[in-house]
Amino acid sequence: MKISILSALALSLTLTLMACTEKADTTAKAPEGDAAAGKVIAERDCKACHGLDGKGIAPAIPNLAAQRAHYLYNSLKEYKNGQRSHAALKNMATKLSEADLRNVAAYFASLPPISNTAADVKHSSPYEQGKAAAAACAQCHGEDGNSKTAGTPSLAGQQPHYLVAAIQEYHQGDRAKGAMSSLRETDKLELESLALYFAAQKPVKREAPGFGDPVAGEPTTALCGGCHGAKGVSVDGATPSLAGQDAEYLVKAIKSYRTTRKNWGMQRYVAGLSDKDIDNVAAYYATQEPKAADQLPTSTQELAAKCDRCHDQPASPTMAAPKMRGQDKDYLVMSLRAYRDGKRDSSTMHTMSFPYSNAIIESLASWYASQPGK
Ligand code: HEC
Ligand code: HEC
Ligand code: HEC
Ligand code: HEC
């Protein structure tokens, strides 16, 4: 299995995490609890949802077995004081004394870890999903997204945010659909997976087209490089690379900003170009050396290694990061989205929220959930 992906969507995240590893929560203190006394409380108040064995009885209920005691204790305090919101847990935690909280935390922490079975959860790699979905595009966009049909764009190496936005524009009717009308509605997750897959494909260099003069086109591109990158290799996830793109498609795309495609910046920059200028610019970009957007091969595992610097430390009284291996997948997805969307507060976790796409959250969550608990 080829695992080479997470691309630009994850890159900024990875960097953020490396920078913030030092700022872990240092306030937590390991509670000394009485597990036997905690079991009585668990039996009375928690069993219905978390099981007496600490395995959540339904999707999105977290497993508590073998979780660090101080993390469990901290979480209960956070429900109690409203830092984490959940009505039922707030009520329960409020009724429990300080000693009860320590004891019930000690009980769940003392249980053997949960491992989800392969039937419970399968790791879904966005790369593999994208590859499967991309089979429907190959007849027009070429194997691996290198189009050999004049007028049809290559997708190989394209910037992932741009690719998602472009497909949404066809769906929403912001672009004339043409050949793309065969495109069925795709959900955001599938779109992102497609984008991650194509971003990682190697774009091939093209021959000069039968029209236009690349040398005459070059000076005009001085207007374009600030956004589209040097020689048309974009380094911005939302701006398309033009290097190595099909020349006929480039001409059609530029002209479409005069009519159907709406983009304030682009409309302004191409408004002054004559048809001849456009042919020349297209010939210039088509013949430049293309480069894939995803220059840093990163797998889910590599990304998880960054998370593990906090989450997979040996139990320590100064680190309140919970264990995640064997955790319920839906619960992990839910909590990561909650940090990203500002619905769950954590000084440590919120720094990583912005660049998170649903596809990456899904892949990290399913990876952790599919690992044996420890
Ligand atoms: C009605 C079902 C229900 C009951 C009963 C219940 N919980 Fe929970 N518990 C949940 C759900 C759902 C969540 C996830 C809430 C969220 O999104 O923050 C949760 C979350 C937690 C968490 C946070 C886990 C983590 O990984 O962050 C802890 C700790 C916890 N519960 C402990 C307990 C304890 C101790 C009891 C008994 C005193 C209890 N719960 C009773 C449903 C329940
Ligand atoms: C029947 C042929 C056909 C199929 C099948 C097809 N496309 Fe296209 N696609 C085209 C053509 C032609 C265009 C150029 C349309 C235009 O001028 O806007 C295009 C444009 C695009 C663009 C815009 C590219 C850019 O640089 O702006 C994206 C993205 C895209 N297709 C993605 C896909 C994906 C993903 C699939 C498969 C799920 C797919 N297409 C299937 C023919 C096809
Ligand atoms: C202010 C930034 C900016 C400048 C300057 C700019 N572009 Fe763009 N360009 C964009 C963005 C953003 C898009 C994607 C817009 C969309 O979704 O339609 C785009 C789209 C395009 C496309 C469509 C690509 C595709 O795959 O469909 C072409 C072709 C293009 N630009 C050519 C040019 C040329 C030629 C110039 C210079 C004359 C230029 N652009 C200047 C930002 C810019
Ligand atoms: C710098 C340390 C650090 C790094 C790096 C880190 N985390 Fe966390 N994480 C924490 C802390 C501390 C908490 C507990 C915050 C709270 O109480 O809400 C946490 C909580 C979580 C939770 C909630 C789990 C639960 O049981 O409720 C999830 C999910 C999570 N992190 C996922 C990740 C992922 C995925 C990564 C890597 C992409 C990551 N974290 C990287 C420190 C870190």
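Notes on the structure in this doc start here. (Residues numbered from 1 in each chain as written. Chains lettered and ligands numbered in written order. Predicted model: local features only at pLDDT ≥ 70, side-chain atom pairs only at ≥ 80, totals over all residues. Heavy atoms only, no water.)

## Observations regarding the pattern of salt bridges
To keep things clear, this is the line we draw: Salt bridges are defined as contacts in which a side-chain nitrogen from Lys or Arg sits within 4 Å of a carboxyl oxygen from Asp or Glu. Where helices and strands are cited, they refer to DSSP runs of H or I of at least four residues and of E of at least two residues respectively, numbered from the N terminus. Type-normalised accessible area, obtained with a 1.4 Å probe on protein chains alone, sets the label of each residue: buried when under 20%, exposed when over 50%, and partly exposed for intermediate values.
Under the definition given, this model contains twelve salt bridges. Between glutamate 98 and arginine 102 there is a salt bridge, and its shortest N-O distance comes to 3.6 Å. Linking glutamate 98 with arginine 102, this pair stays in helix H5 (residues 98–110), spanning four residues, or about one helical turn. The shortest N-O distance in the salt bridge between aspartate 341 and arginine 340 comes to 2.9 Å. Its relative accessible area of 22% is what places arginine 340 among the partly exposed residues. Each of Asp308, Asp312, Arg325 and Lys374 takes part in salt bridges that share partners, so that together they form one network.

## Considerations on unusual backbone geometry
Most peptide bonds take the trans form, and the phi angle of most residues other than glycine is negative. For aspartate 144, which is not glycine, the phi dihedral falls at a positive 60°. With respect to the helices and strands, the residue aspartate 144 is situated in the loop between helix H7 (138–141) and helix H8 (160–172). Judged by relative accessible area, aspartate 144 falls into the partly exposed class, the value being 39%. Phi at lysine 231 is positive, roughly 55°, even though this residue is not glycine. Among the structural elements, lysine 231 can be located in the loop between helix H11 (225–228) and helix H12 (247–256).

## Let's talk about the site of ligand 1
Here is the rule: A molecule or strand has a residue near it when one of that residue's heavy atoms lies within 4 Å. Polar contact is the term for a pair of N or O atoms within 3.5 Å; when the atoms are in protein, one must be able to donate a hydrogen and the other to accept it, and sequence-neighboring residues count only if both atoms are side-chain atoms. Note that Gly is not counted as nonpolar here; it falls among the polar residues with everything else outside the nonpolar set of Ala, Val, Leu, Ile, Met, Phe, Trp, Tyr, Cys and Pro and the charged set of Asp, Glu, Lys and Arg.
The environment of ligand 1 is made up of 19 residues, and the closest members are Cys46, Cys49, His50, Tyr71 and Tyr79. The side chain of tyrosine 71 places a nitrogen or oxygen atom 2.6 Å from an oxygen atom of ligand 1. Of all the secondary-structure elements, those providing two or more residues to the shell around ligand 1 are helix H2 (35–50), helix H3 (69–81), helix H4 (87–95) and helix H16 (329–340). It is H3 that provides the largest number of residues to the shell around ligand 1, a total of five residues. A class-by-class count of the residues in the shell around ligand 1 yields 14 nonpolar, three polar and two charged.

## So, helix H6 (residues 126–134)
Note the threshold: This arc is taken over the directions from the axis of the helix to the C-beta atoms. Here a residue-residue contact requires only that any non-hydrogen atoms of the pair lie within 4.5 Å.
Turning to H6, its buried residues number three or more, namely Pro126, Tyr127, Gly130, Ala133 and Ala134. Buried residues of H6, seen end-on, are gathered within an arc of 130° and therefore sit on one face of the element. Contacts from the buried residues of H6 go to H7, helix H9 (188–200) and helix H18 (358–370).

## Things to note about the coordination of the iron atom of ligand 1
Our working definition: Water is absent from the atoms considered, so a metal site may look incomplete; donors are defined as N, O and S atoms within 2.8 Å of the metal, or 3.2 Å for Na, K and Ca.
For the iron atom of ligand 1, the protein contributes exactly one donor atom, His50 (NE2), at 2.0 Å. By secondary structure assignment, the location of histidine 50 is in helix H2.

## Overview of the site of ligand 3
Lining the immediate surroundings of ligand 3 are 19 residues, of which Cys224, Cys227, His228, Tyr249 and Met266 lie closest. Here an oxygen atom of ligand 3 and a side-chain polar atom of glutamate 169 are 3.3 Å apart. Contact between ligand 3 and tyrosine 249: an oxygen atom at 2.5 Å from a side-chain N or O atom of the residue. Listing elements by their share of the shell around ligand 3, those giving two or more residues are H8, H11, H12 and helix H13 (264–270). Counting residues per element, the shell around ligand 3 draws most heavily on H12, which supplies four residues. Here the residues of the shell around ligand 3 sort into 14 nonpolar, two polar and three charged.

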